[in-house]
Amino acid sequence: MTTQLLPHVEGRLTQGAPLAPLVWFKSGGCADVLFEPKDVADLQSFLRELGSRTPVMALGLGSNLIVRDGGVRGVVIRLGKAFAKVTCTDAVTLACGAGASGILVSSTARDNGISGLEFLRSIPGTVGGFVRMNGGAYGGEVKDILRDCDVVMRDGTLVTLSVEDMHYCYRHSELPDGAIVVAARFQGHPGEPEAIQAEMDRISASREASQPLRSKTGGSTFKNPDGHKAWQLVDAAGCRGLQIGGAQVSEKHTNFLINTGDATSADIEALGEEVRARVLAHSGVELTWEIQRVGETK
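Overview of the structure. (Residues numbered from 1 in each chain as written. Predicted model: local features only at pLDDT ≥ 70, side-chain atom pairs only at ≥ 80, totals over all residues. Heavy atoms only, no water.)

Okay, the overall build of the protein next. Looking only at helices and strands, the protein has seven helices and 19 strands in total. If one aligns the C-alpha atoms of the protein with their principal axes, the spans along those axes are about 50 × 50 × 30 Å. Out of the 298 residues in the protein, the part that is buried amounts to 51%. Nonlocal contacts in the protein, meaning residues at least 24 apart in sequence, comprise 65% of its contacts between residues at least 6 apart. (Helix = DSSP H or I, 4+ residues; strand = E, 2+ residues; numbered from the N terminus. Buried < 20%, exposed > 50% of the residue type's maximum accessible area, 1.4 Å probe, protein only. Contact = heavy atoms within 4.5 Å.)

Structure (structure tokens):
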């Protein structure tokens, strides 16, 4: 696929774009094409004119993602600064672009005295990603605060979906493949900025103490099975510190995999599968990946 054969855009098209620098694991291959749209209209026009057979994938901060070493076929769409604005629309509601980080959203909520969004401080991603995946932590989930969201469908149409339309369950929505979240409205409740900041500080300190935040990682690797904590199952199966190539199960938090320096994505994925096998053998519980794995093996 060459950029000459793609629709005209106002944003930026890059052929053979390396994706490793754009994901937290710092591993993986290239995208056939990386598209960074200028605005929603640019994205709509591009998808409308793009052949329906061309795969499309959205990329946020790359915090919960393994890009396989063979790269990603088709077009990877990355929403930049134009999609990162957060504004207060009433006393309890924020309008957020899909490229805005959880930290920006929670800080804006604090500044406007909106409580209930503090947990977003702990989600290392963008609005688009955690709306799609019903991101959550520290007792909160996106389904608890989402009012509705704007989505550009694969054919370029722009639709607004309510929280009910998303059919949320644990770390999952029914958003169609190729659909791109471009904005969302989050609703909280009135609160005092000082109390909101105190809760954000508590969450930040808890993450710093328990998670390997300064390592090349992908966040929580496996979903918590019903009645279990994934990290406890991994630990009980003797996987703390387990290593394949340059990939290692974190000593600090066993539901995190880390790239110790030179891991390939194949190393990281193989380690995850080895952990799943050991947990199944030890406890009879089958862990499900929470990290998204995309692209082709080398």
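There is more to say, and it comes next.
Looking now at the sheet that holds strand S6 (residues 86-90). Ordered by their spatial adjacency, five strands build an open sheet running S6-S7-S13-S11-S12, and the pairing between neighbours is antiparallel. A single partner strand is all that each edge strand has here, and the edge strands are S6 and strand S12 (158-162). Along the sheet, successive strands turn relative to each other by an average axial angle of 20°, direction set aside. The pairing of S6 with strand S7 (residues 93-97) spans four bridges and is antiparallel. Bridging from a neighbouring strand, Cys88 pairs with Leu94 of S7. Sitting on the sheet, helix H2 (residues 102-111) touches S6, S7 and strand S13 (180-187), and the angle it makes with S7 is about 155°. (Pairing = 2+ DSSP bridges. Axes fitted to C-alpha atoms, helices over the stretch in contact; angles between N-to-C directions.)

Structurally, Gln248 can be placed in strand S17 (residues 247-249). At 3.4 Å, the side chain of Gln248 and the backbone oxygen of Gly241 are in polar contact. Apart from the residues lying within four places of it in its own chain, the contact partners of Gln248 are Gly241, Leu242, Gln243, Phe256, Leu257, Ile258, Thr260 and Leu271. (Polar contact = N/O pair within 3.5 Å; in protein donor to acceptor, adjacent residues only side chain to side chain.)

Within helix H1 (residues 40-49), burial applies to Asp42, Leu43, Gln44, Phe46 and Leu47. Capping the start of H1 is the job of one residue whose side-chain oxygen sits 3.3 Å from the backbone nitrogen of Ala41: Asp39.

Strands sit in the order S15-S18-S17-S16 across an open sheet of four strands; the sheet is antiparallel. Both outer strands of the open sheet, strand S15 (216-217) and strand S16 (243-244), are each paired with one neighbouring strand and no more. Bridge count between S15 and strand S18 (residues 257-259): two bridges; the pairing is antiparallel. Across the sheet, residue Thr217 finds its bridge partner in S18, namely Ile258. Here helix H7 (residues 265-283) sits on the sheet and contacts S16, S17 and S18; the angle it forms with S17, its principal contact strand, is near 30°.

Right, let's talk about unusual backbone geometry for a bit. Look at Tyr138: it is not a glycine, yet its phi comes out positive at around 50°. Classification of Tyr138 as partly exposed rests on a relative accessible area of 31%. Here Arg171, not a glycine, exhibits a phi torsion of approximately 55°, which is positive.

Further remarks concern the packing of aromatic side chains. Applying the stated criterion across every chain yields a total of three aromatic pairs. Geometrically, the ring pair formed by Phe222 and Trp289 is tilted, given 5.3 Å between the ring centres and 55° between the ring planes. With Phe222 in the loop between S15 and helix H6 (230-236) and Trp289 in the loop between H7 and strand S19 (292-294), this residue pair connects regions lying 67 residues apart in the sequence. Note on accessibility: Phe222 and Trp289 belong to one class, buried. (Phe/Tyr/Trp six-rings, centres within 6.5 Å; stacked < 30°, edge-to-face > 60°.)

What follows covers the pairing of S7. Extensive coverage of S7 is indicated by the burial of four of its five residues. Between S6 and S7, which pair antiparallel in sequence order, lie two residues. When S7 meets S13, the two strands line up antiparallel, connected through five bridges. Looking at S13, one finds that Leu94 is bridged to Phe186.

With respect to the helices, strands and loops of the structure, Asp39 is situated in the loop between strand S2 (30-36) and H1. Judged by its relative accessible area of 31%, Asp39 is partly exposed. The sequence separation of Asp39 and Leu79 amounts to 40 residues, and the corresponding C-alpha distance is 8.5 Å. Of the polar contacts made by the side chain of Asp39, one reaches the backbone nitrogen of Ala41; its length is 3.3 Å.

On to helix H5 (residues 193-210). Spanning 18 residues, H5 covers 26 Å between terminal C-alpha atoms, matching the ideal 26 Å at 1.5 Å per step. Residues Ile196, Met200, Ile203 and Arg207 constitute the buried set of H5. What you see down the axis of H5 is that its buried residues fit within an arc of 60°, all on one side. In H5, those exposed residues whose orientation departs by more than 90 degrees from the buried face are Glu194 and Ala209. If you follow the buried residues of H5, they end up packed against H2 and strand S8 (114-115). (Expected span 1.5 Å × (residues − 1). Arc of directions from axis to C-beta.)

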